[in-house]
Amino acid sequence: MEEQNTTAYQRVQRARDKNRPNIRDYIAHLCTDFFEQRGDRGSMDDAAIVGGIALLGSRPVTVIGHQKGRTLEENVRCNFGMPQPEGYRKAIRLMEQAEKFGRPVLTFVDTPGAYPGLEAERHGQGEAIARSIQKMCSLTVPVLTLVTGEGSSGGALAISVANSLWMLENSVYSVLSPEGFAAILWKDGSRAADAADLMRLTAADLLDCGVADRILPEPEEGFTGDCIGFYTTLREQLIAEMDRLCAQSPATLKNGRYKKFRAIGSFKA
Amino acid sequence: MDSNMFHKRREKLDLFKAFRNKTVQVQEKPVPDDLYTKCPSCGSPILSTRFREMLRVCPHCGGHSVLGARDRLAATVDEGSFRELFGQMAANDPLHFPGYAEKLSGLEKKTGLREAVVTGTGKVGGYRMAIAVMDSRFIMGSMSSAVGEKITLLAEYAAKKRLPLIVFCASGGARMQEGIFSLMQMAKTTAAVERLAEAGCLYVTVLTNPTTGGVTASFASLGDIILAEPGALIGFAGPRVIEQTIKQKLPEGFQRAEFLCDCGFVDAVVPRGQLRDTLAQILKLHSREGR
């Protein structure tokens, strides 16, 4: 692909393109028999997090991911893919069930971040994210994460503590949006492109520093056509990876996840 | 005689006037700069020695101002019992972020700290424990790889030695200069805290001003018992970001320790002067003796 000359910020813009597939497209093309589960059993159903059970090949998996919309109406409903604490609590509930039934977990990441709102804070946004990360650390079933669009901040991390983390070629994963990063460090949100260059947020960067385990090529013509070849290859790869992970013991899976994240960091000892 | 009387009176008055107008050259004794400290909350001058005795809590308004990690340890841990662990660890510059290396070396000189957290073991009220204290003077106590690594190592040490772990949190969140490496420390520290829980060890967090962002969304919110200092700002998103998002002013006291306690996310708001005794009480309640 052309890809040598693509700047980091161009990747950010592609990752945000509203014509990219969203979680419901992926579920429809990769899985069958999807049964959607709603609600956190506490107070509400957060449409920014979609979850349920589906068959990947012949294997039941728990599917969880961020939902972005294409139209304004859809985006109002799913809050532009920015979850509330209740969304993470729904994710935790579904992960607990996955553990109970020995189902692997497949997550899809595409969010500008957790919603920075008044009610979200009142209902414990930080606590909900922390619990979701903690729940993922405790799972003894395989966890596979696919970063499909933009993965920003704790809102993305909350559902991506995985044994294998794969990124689409034009997806990004970062501590914060480049706009937010520039605003914090330089008090100038318009320097997002400079920020993107520094942040090491592309799939290639993340593979390089051990966060991502595989980069998935996107259709050469973009996501304009039916993308049948793309989905077919992706489904085969996901099934093969789940086969590989399911062959491991529960203790190995849990320890493997610990070791993966334990090793990430750069410091002087 | 009468005129004489007036004359004398005039003389006296002149003398008095001269005395009154006399400018006396007095050697001014300068007030030492550090004799008084201005309270950052209410602005009142406080005798510095008294301010230190009060652990930097204002006697006038009760405002809890920044307490450095070393002072916090001195105020919390039994005298002579603290043993520092992983003290040599320091930040790297993985993104080659402009100005970051200079900032780090400048802060090391200014604060005497190599990173935003000090870790070690000691006793509180006679009970052995592992302790981490974050210091907001070091890039707002932000989570670098080194901060994440130190907290992870300490949690692993506590799990291995079956010690309770106490973490004093003070953090603005992620260390932006370390990008994705900073974000990943949330997963790393949380995984270590989860292992500590599986080992059956007590984990207590004390949220001090401020505890926000990635620290709130990881190890700070996962204590078996969560304490907070009065007035501490605690949240995930910062108040300015929320105001920009919802386009209205936040209510008074929003995201403060007392509010978090009312919302059910903090067990108790404990004034600084009582924290040591409260921690000793919690350790006593979890002591293995008598079980």
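Given the structure is predicted, the values throughout are model-derived calculations rather than measurements. (Residues numbered from 1 in each chain as written. Chains lettered and ligands numbered in written order. Predicted model: local features only at pLDDT ≥ 70, side-chain atom pairs only at ≥ 80, totals over all residues. Heavy atoms only, no water.)

1. Quick look at the overall build of chain A
Broken down by element type, chain A carries 12 helices and 9 strands. Taken over the C-alpha trace, chain A has a radius of gyration of 18 Å; the compact-globule value for 269 residues is 18 Å, and the two agree within 12%. Expressed as lengths along the three principal axes of its C-alpha atoms, the size of chain A is roughly 50 × 50 × 45 Å. Across the 269 residues of chain A, 59% fall into the buried class. On chain A, roughly 10,500 Å² of surface is accessible, and the fraction owed to carbon and sulfur atoms is 52%. Within chain A, one finds 32 positive and 34 negative side-chain charges whose respective centroids are separated by 7 Å. (Helix = DSSP H or I, 4+ residues; strand = E, 2+ residues; numbered from the N terminus. Rg over C-alpha atoms; globule rule 2.2 N^0.38 Å. Buried < 20%, exposed > 50% of the residue type's maximum accessible area, 1.4 Å probe, protein only. Areas by Shrake-Rupley, 256 points an atom, 1.4 Å probe, with all protein chains shown as cover. Lys, Arg positive; Asp, Glu negative; His and termini not counted. Charge placed at Lys NZ, Arg CZ, Asp CG, Glu CD.)

2. Examining the environment of A:Gly39
Residues and elements named next belong to chain A. Counting through the fold element by element, Gly39 comes out in the loop between strand 1 (32-36) and strand 2 (49-56). Considered as a pair, Gly39 and Gly87 are 48 residues apart in the sequence and their alpha carbons are 7.9 Å apart. Those residues in contact with Gly39 that sit more than four places away from it in its chain are Met44, Asp45, Lys90 and Arg93. (Contact = heavy atoms within 4.5 Å.)

3. Remarks on the packing of aromatic side chains
All names here are of chain A. Following the criterion strictly, the structure yields 8 aromatic pairs over all chains and no others. Measuring from centroid to centroid gives 5.6 Å for Tyr26 and Phe108, while their planes differ by 20 degrees, and the two rings are stacked. Taken together, the positions of Tyr26 in helix 2 (residues 23-30) and Phe108 in strand 4 (residues 105-111) put the pair 82 residues apart, joining distant regions of the chain. For Tyr26, a relative accessible area of 1% corresponds to the buried category. Following the ring pairs from residue to residue traces out a cluster consisting of Tyr26, Phe108, Phe223, Phe230 and Tyr231. The ring of Trp186 carries the charged tip of Arg191 above its face, separated from the ring centre by 4.1 Å. (Phe/Tyr/Trp six-rings, centres within 6.5 Å; stacked < 30°, edge-to-face > 60°. Lys NZ or Arg CZ within 6 Å of the ring centre and 35° of its normal.)

4. Considerations on the domain arrangement of chain B
Residues and elements named next belong to chain B. Its domain assignment divides chain B into domain 1 (32-65) and domain 2 (66-285). Each of domain 1 and domain 2 was reduced to a C-alpha centroid, and the two centroids are 24 Å apart. Across the contact, 5 residues belong to domain 1 and 7 residues belong to domain 2. The contact between domain 1 and domain 2 buries some 620 Å² in all, and 60% of this surface belongs to carbon and sulfur atoms. When the area that domain 1 buries against domain 2 is broken down by residue, the three leading residues are Leu55, His64 and Ser65, summing to 83%. (Domains from an automatic or database assignment. Buried area = accessible area lost by both parts, 1.4 Å probe.)

5. Considerations on the environment of A:Ala47
Residues and elements named next belong to chain A. Locating Ala47 in the fold gives a position in the loop between strand 1 and strand 2. For the pair Ala47 and Lys187, spaced 140 residues apart in sequence, the C-alpha to C-alpha distance is 33 Å. Sequence-distant contacts of Ala47, that is, excluding residues within four places in its chain, are made with Gln67, Arg77 and Cys78.

6. Structural notes on a nonpolar patch on the surface
A grouping of A:Leu72, A:Val76 and A:Phe80 is seen on the molecular surface, where their side chains present a nonpolar patch of about 320 Å² in accessible area. On the secondary structure map, A:Phe80 appears in the loop between helix 3 (72-78) and helix 4 (85-101). (Patch = residues over 30% accessible without salt bridge, like charges linked within 9 Å, V, L, I, M, F, W, Y side chains within 5 Å. Salt bridge = Lys/Arg side-chain N within 4 Å of Asp/Glu carboxyl O.)

7. What to know about the interface of chain B and chain A
Contacts between the two partners involve 54 residues from chain B, matched on the other side by 49 residues from chain A. Surface buried jointly by chain B and chain A totals about 4,500 Å² across both partners, of which 71% is contributed by carbon and sulfur atoms. When the buried surface of chain B facing chain A is broken down by residue, B:Met176, B:Met184 and B:Phe236 rank first, second and third, together holding 15% of it. Counting the contacts that link chain B with chain A gives 3 salt bridges. A:Arg262 is paired through a salt bridge with B:Glu156; the nearest N and O atoms lie 2.8 Å apart. The biggest single contributor to the side of chain B that touches chain A is helix 6 (residues 179-198) of chain B, with 15 residues. Of the residues in the side of chain B that touches chain A, the class split is 32 nonpolar, 15 polar and 7 charged. Taken together, the 2 bridges between strand 9 (residues 267-268) of chain A and strand 4 (residues 90-91) of chain B define a ladder with antiparallel strand orientation. Residue A:Lys268 lies in a different strand from strand 4 of chain B, and its bridge partner there is B:Ala90. (Nonpolar A, V, L, I, M, F, W, Y, C, P; charged D, E, K, R; others polar. Pairing = 2+ DSSP bridges.)

8. Comments concerning the sheet that holds strand 9 (residues 225-228) of chain B
All names here are of chain B. Taken in spatial order, the 7 strands line up as 3-5-6-7-8-9-10 in an open sheet, and their pairing is mixed. The sheet terminates laterally at strand 3 (83-85) and strand 10 (268-269), the two strands that pair on one side only. Judged from the 3 bridges that link them, strand 3 and strand 5 (residues 117-124) form a sheet pairing that is antiparallel. Within strand 5, the position partnered with Leu85 by the bridge is Thr119. Contacts from helix 5 (residues 145-161) reach strand 3, strand 5, strand 6 (127-134) and strand 7 (165-171) within the one sheet, and its direction differs from that of strand 5 by about 25 degrees. (Axes fitted to C-alpha atoms, helices over the stretch in contact; angles between N-to-C directions.)

9. Observations concerning the packing of helix 12 (residues 250-262) of chain A against helix 6 of chain B
Closest axis-to-axis distance for the helix 12 of chain A/helix 6 of chain B pair is 8 Å, and the angle between their directions is 135 degrees. Relative to helix 6 of chain B, the element helix 12 of chain A lies oblique. As for how helix 12 of chain A packs across helix 6 of chain B, the hand of that crossing is left-handed. Across from A:Lys254, A:Asn255, A:Tyr258, A:Phe261 and A:Arg262 in helix 12 of chain A, the residues of helix 6 of chain B making contact are B:Met184, B:Ala187, B:Lys188, B:Ala191, B:Ala192, B:Arg195 and B:Glu198. Tallied by class, residues from the contact of helix 12 of chain A with helix 6 of chain B come to 6 nonpolar, 1 polar and 5 charged. (Parallel < 35°, antiparallel > 145°, perpendicular 65-115°, else oblique. Left-handed = near helix turned anticlockwise from the far one by under 90°.)

10. Some remarks on a positive patch on the surface
There is a patch of like positive charges on the surface, built from B:Arg83, B:Lys123, B:Arg128, B:Lys160 and B:Lys161. Structurally, B:Lys161 is set in helix 5.

11. Examining the side chain of B:Arg272
Residue and element names in this part refer to chain B. Its location among the elements puts Arg272 in helix 10 (residues 272-285). Side-chain polar atoms of Arg272 contact the side chain of Glu229, separated by 2.8 Å. When near neighbours in sequence (up to four residues on either side) are disregarded, Arg272 contacts Leu55, Arg56, Val57, His64, Ser65, Leu67, Arg72 and Glu229. (Polar contact = N/O pair within 3.5 Å; in protein donor to acceptor, adjacent residues only side chain to side chain.)

12. Some points on helix 5 of chain B
Residue and element names in this part refer to chain B. For helix 5, which comprises 17 residues, the first-to-last C-alpha distance of 24 Å matches the rise-based estimate of 24 Å (1.5 Å per residue) to within 8%. With 13 of 17 residues buried, helix 5 is to be regarded as a mostly interior element. Taking the backbone nitrogen of Ala146 as reference, a side-chain oxygen 3.3 Å away marks Ser144 as the first, capping residue of helix 5. Positive phi shows up at Arg162, right after helix 5, with a value of about 55 degrees. (Expected span 1.5 Å × (residues − 1).)

13. Observations regarding the pattern of salt bridges
Residue and element names in this part refer to chain A. In total, this model carries 31 salt bridges over all chains according to the counting rule given. For Lys68, the salt bridge is made with Glu150, and the minimal N-O distance between the two is 2.8 Å. Here Lys68 is found in the loop between strand 3 (59-66) and helix 3, whereas its partner Glu150 is found in strand 5 (residues 143-152), with 82 residues between them in sequence. Overall, Lys68 belongs to the buried group, its relative accessible area being 13%. The partner of Arg131 in a salt bridge is Glu127, with the nearest N and O atoms 3.1 Å apart.

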